[in-house]
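Descriptive analysis of the structure
Chain by chain, the residues run as shown.
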Amino acid sequence: MQKQFIASVLFFFLCTMGNGLYGQKNVDIDVVKSQYVYLLTNQRDSLDVENKSEEYFILQRGKEKSQFMSLNSYKRDSVAAGLVNTSVRTSTLDLTNIPKTNFTYRIIKDPAKNKIDYYDKIIRMDFSYKENPEFNWKVTNEKKNIGTLKCQAAILKYAGRNYKAWFTNDIPVSDGPYKFYGLPGLIVEMEDDKKHYKFELLSYKNFADEKPLWISEKRMNGKKVPKADFYKGLKNSQENLVQEMAKSGFKLDAGAESLVKDKLKKRNNPIELIP
């Protein structure tokens, strides 16, 4: 019971203290032409192979840009967007009714400019960084069918991980999960060689009527920093989370503090090992 309480407190502090998101306006960056749903299976503790979690993600593609994000995170922002110009008081919201997520980032890709804008939080503050990735794909002769899609394999080394991706020319879209793009077709499946992160395409559809591809104004206006500084700040916040909690009024006894620190130690396996 105590472990469940600590997990709840930790999640609340990490994910809901920054609820200034609610009531914020949105910024339209393109229009959604197609949408793809992926399932991510990941291992957050590199030493615990039996403990894996799953979460759904969506890739929304526009005329020039695309956005990749957790489906639950997108739902949270959508609920927030729906509160704009209403009489609902955000201070009285029951946040437990809003889907939770382990991944709060937004990734906006502009392949024509070889540019990625990455948006996320560190504790309560919004941050963003720009990246011009060099994806040195090596397309192989290996082929297989995934469902009804004819796929071909490609390999890539990025941010400390070695990946194998399966892409399809049946969907001639040079895009995929997370930050990845640059292959002749859509990435249908992608996994690192340690089997810690695996993305699988579940469904896709095109839209006849165009709806906005948007991001919240609060995210867009977050502090802009170099990528290295963002991950340095993220690591520092995790190492000093108990102190940050104390500053916000979350005072824990010795036993609870030990449980929080133990839980944080098990979050040692980010997707980018070398940012």
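Calculation rules
- Residues numbered from 1 in each chain as written.
- Predicted model: local features only at pLDDT ≥ 70, side-chain atom pairs only at ≥ 80, totals over all residues.
- Heavy atoms only, no water.
- Core = buried A, V, L, I, M, F, W, Y, C linked by side-chain atoms within 4.5 Å.
- Buried < 20%, exposed > 50% of the residue type's maximum accessible area, 1.4 Å probe, protein only.
- Contact = heavy atoms within 4.5 Å.
- Salt bridge = Lys/Arg side-chain N within 4 Å of Asp/Glu carboxyl O.
- Helix = DSSP H or I, 4+ residues; strand = E, 2+ residues; numbered from the N terminus.

Details of the nonpolar core
Ranked by size, the top nonpolar core spans 45 residues in total, and within it Tyr38, Phe68, Trp137, Tyr178 and Phe180 carry the most contacts. Setting aside residues no more than four positions away along its own chain, Phe180 makes contact with Lys109, Phe135, Trp137, Leu156, Tyr158, Tyr163, Asp175, Ile187 and Met190. Within the second largest apolar cluster, seven residues are counted, among which are Ile29, Ile108, Phe207 and Ile215.

Looking at the pattern of salt bridges
In the structure shown here, the tally under the stated rule is 19 salt bridges. As a salt-bridge pair, Lys109 and Asp175 come within 2.7 Å of each other at their nearest N and O atoms. Here Lys109 is found in strand β4 (residues 106–110), whereas its partner Asp175 is found in the loop between β9 (161–168) and β10 (186–192), with 66 residues between them in sequence. Asp192 serves as the salt-bridge partner of Arg161, at 3.2 Å between the closest nitrogen and oxygen. On the criterion of sequence distance, the pair formed by Arg161 in strand β9 and Asp192 in strand β10 is long-range, its members being 31 residues apart. Exposure class is identical for Arg161 and Asp192. Each is buried. Taken together, the shared-partner salt bridges connect Glu131, Lys179, Lys227 and Glu272 into one network.

Purely geometric stuff here, so don't read any function into it on its own.
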